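# Examining the three-dimensional arrangement
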Amino acid sequence: MSPEPPRILLVDSYDSFTYNLAALCRQAIPNCHVHIIKNDDIELKDLLLYLPYFSGVVVGPGPGSPDIPEDIGLVKDLWKIDDAHLLPVFGVCLGLQSLALEYGANLHRLSVVKHGHVSTVEHSGADIFKGVGPVDAVRYHSLHVELSGAKNIEELASTHDEENGKVVMALRHRTRPFWAVQYHPESVLTRGGGIERGTWSSSRGRVTRPWDQKADAIFGVSWPYVRPLPSTPPTNMPLSASTIKLSIPCLSAPEICEVLGVDDDSSPFVMLESAAHPGQFTIIGCLTSTSLRITYTIGDSFVHLANGESCDQIYLGSHDVWSWLTSFMNKRKVTGGSSEIPFWGGLMGCLSYELGTDSLRVSADGTCSQTRHPDVNLVFVERSIILDSTSGHVYIQSIMEDDDEWLTEMAEQLHSAARNYSTYSSYNTTPYSTKARPNTSTVILPDRDLYRSRINLAKEYLFAGESYELCLTANTRITLNDPLAPKASSTYSPSWQRYKHLRELNPAPHAAYLRLHPTTLLASSPERFLSYTRPPGTTYKLCPVKGTIRKGPRITRAVAEQALRGSQKEVAENLMIVDLIRHDMHGAVGENVEVKQFCTVEECETVWQLVSVIEGQSADGADETASHYANGALGWEVLRRSLPPGSMTGAPKKRSVEILQTLEDEERNVYSGVFGYWCAGGGGDWSVTIRSCFKYDDRYECDAHSWTKFTNPDFYPGVHEPEQWVIGAGGAITALSDPDGEWDEMLAKLQSVLRVFGAAVPRGN
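The structure displayed is predicted, hence computed values, not measured ones. (Residues numbered from 1 in each chain as written. Predicted model: local features only at pLDDT ≥ 70, side-chain atom pairs only at ≥ 80, totals over all residues. Heavy atoms only, no water.)

## Here's the deal with helix H13 (residues 494–505)
Under the convention used in this document: For helices the rule is a DSSP run of H or I covering at least 4 residues; for strands it is a run of E covering at least 2, with both sets numbered from the N terminus onward. To estimate the expected span of a helix, count its residues, drop one, and scale the result by 1.5 Å. For every residue, the accessible area obtained with a 1.4 Å probe (protein chains only) is divided by the maximum for its type, and the residue is called buried under 20%, exposed over 50%, and partly exposed between those limits.
Look at H13: 17 Å from first C-alpha to last across twelve residues, which is about the 16 Å you get at 1.5 Å a residue. For H13, the complete set of buried residues consists of Pro494, Ser495, Trp496, Gln497, Arg498, Tyr499, Lys500 and Leu502.

## As for the nonpolar core
This is how it is decided: Nine residue types can take part in a nonpolar core, namely buried Ala, Val, Leu, Ile, Met, Phe, Trp, Tyr and Cys, and a core is a set of them joined through side-chain atoms within 4.5 Å.
In this structure, Leu325, Leu347, Leu351, Leu639 and Trp686 are the most contacted members of the largest nonpolar core, which totals 81 residues. No other element matches helix H15 (residues 568–589), which puts ten residues into this core. Formed by 58 residues, the second largest nonpolar core is a distinct cluster that contains Ile256, Ile385, Tyr499 and Phe757.

## Here's the deal with the sheet that holds strand E6 (residues 135–146)
Convention followed: Any two strands between which DSSP finds at least two bridges are classified as paired. Between N-to-C directions, angles cover 0 to 180 degrees, with each direction set by a line fitted to C-alpha atoms, over the stretch in contact for helices. Contacts are residue-level and defined by heavy atoms, with any inter-residue pair within 4.5 Å sufficient.
The strand order across the open sheet built from nine strands is E2-E1-E3-E4-E9-E8-E7-E5-E6, with neighbouring strands paired in mixed fashion. The sheet terminates laterally at strand E2 (33–38) and E6, the two strands that pair on one side only. Neighbouring strand axes in the sheet, compared pairwise and without regard to direction, differ in orientation by 30° on average. In terms of strand pairing, strand E1 (residues 7–12) meets strand E3 (residues 56–59) through four bridges, oriented parallel. Pairing of isoleucine 8 across the sheet is with glycine 56, part of E3. Each of E1, E2, E3 and strand E4 (89–92) is contacted by helix H1 (residues 18–28), which is oriented at about 155° to E2, the strand it contacts most. Across the sheet, helix H12 (residues 448–463) lies against strand E5 (106–123) and E6, angled at about 70° from E5, the strand it touches most.

## Concerning the pattern of salt bridges
Put simply, the test is: In what follows, salt bridge is the name for a side-chain nitrogen of Lys or Arg lying within 4 Å of a carboxyl oxygen of Asp or Glu.
One pass over the full model with this rule turns up 43 salt bridges. Notably, a salt bridge pairs aspartate 403 with arginine 383, separated by 2.7 Å at the nearest N-O pair. Here aspartate 403 is found in the loop between strand E21 (393–398) and helix H11 (404–424), whereas its partner arginine 383 is found in strand E20 (residues 383–388), with 20 residues between them in sequence. Both residues of the pair, aspartate 403 and arginine 383, count as buried. The salt bridge partner of aspartate 740 is arginine 452, with a shortest N-O separation of 2.7 Å.

What follows is the structure in structure tokens.
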């Protein structure tokens, strides 16, 4: 009988790098199985019964302190297991601190924390470092151990900081098979180390008990794993996309929108616009009165489906909203569209920040579901127009049956619009003035002193080891109450005029105008979040942006490179999010994850920004044409696991989100969620909702039986009530953050959108 493959038990202390460590274990110990548990999933007395099934235990990193029971869970007990159950244990970061502490070491704060910093690790080449050359390791820690007085603990490696002096980087127990490192061997920038050699787990010649149903019932399948298949199989007869390709380079996206009736403020409208380099494709939904609207609010047991004048509650049953939408899309597979464009038809819209925190099992703070606005706000687009800014081509397409007549009519309308525009500019694509008249608008900024005090509170959490960075944000509220301003009507949309003004003031590669009542979103985002190509051979790509500098006459590429790549703070922030995103991606697609680009300075229309690119691919055959995942379900799963965007939270993500709830006075809602599309052909593209503003209009209501739509001009939004807009802005707080500098950065981001209302940040702020 062949020997059992090695089995590793990985103890996760609610960290955001755990799957990176699992992937490293798989590299270090060929053919091993990695089973992952939380540090509070099982008590030690029960775990002892199952340790004979495992070759070794890896104790992962995590937020907090080893002397706080809630942070460390069962880990502290592992170091004291009796000889009968003894097995090799390898600790990382928090794991090292816990091991040292249990044997008498002292725990201290670093004078200067090390979050995302690379240090040279000095070692003697002995033990786990035998045959290992130079080690340059990434550090994420605020605490360190001092070994004087520790019993049976031997230092194996250290580093020397100018600010902190000597810091222990690796150690072992002299008589028990316990090892640990303070640095993060799983980080993308760590070179050399100890865990990758696997010597710690093979040094004792341990023979394990064969895996059986009893163990499987407790620990489940080993990593890597993917979410269960959608319960609804793909439709036998997929929808077919029909396309007409035109060459109308003189026709812009706003002009096409106005041909389609965007000025009717009561009607839904969706456009995802590439309004600046390096964006290429603009997607405009050609919605009809029967276009299916899907909304969901956290806490509800149902989704709303609005179609025409009716609105129904569809109960989720055994589904959550994510799996329900997967099954919904799996019955609407589309084939036959043009391979030249990324979207054939499918879902377009936005997802809230709180939808992501809910997936982390961090509940929305203090708001009952009856008063919430939709956290999922999507429309199923059957007719659409795509603009390719590179070629100048326009694609008109439909996934409705026998829709050739509409395609032909729309082509004629666009040709006619292009002729009229080139002759006498009949379409008014220049926005009306959106500047508020004096004394008709109110801008309520975040309180400066309060915001600065919360930056200092955030830094205290960082110094205590609770997080590596915290993306602190705050809302600015704009109230418009001008009785003489043009009102929303069937021929005039104030929000559309503001969007046109926004795209002029702050052109962005990932812009959007989404009018999905009650929500209206105007976005000019510089940050793509997640994109995934159509199957087979799907590539999943996440593109975090951390580090931005506004362009100006003296800001050359060389200046931008020095300010961004040359900044320890900017690179450390980017690295933290890259490692976090690798973890998110590994959790969805498995081992095949690679950093394709690290901290590259990219030029956009208005800024230089520091961008990294992480790509993943699924296991062999997981997205083949016949697979349940071939309709983009795995891309949807990557999105679910990756929300909320790590660039808008910090790391570790779950603990950071919990801390941010105590530092922020209100929910973020649409801001710092995502907007984008899921193509029914299997691809998708989602951007981070930043540099944006949004509003809710509660007079558009959906109940179980009807969708209220205002057709009487006297009852259009804006007639009887002022408009209320929200702009979210903030920044990543690190140990190096200066409160005044962070406040100024927040205002600069705010100003890029606030100008749309003709407002400026008041002097003195």
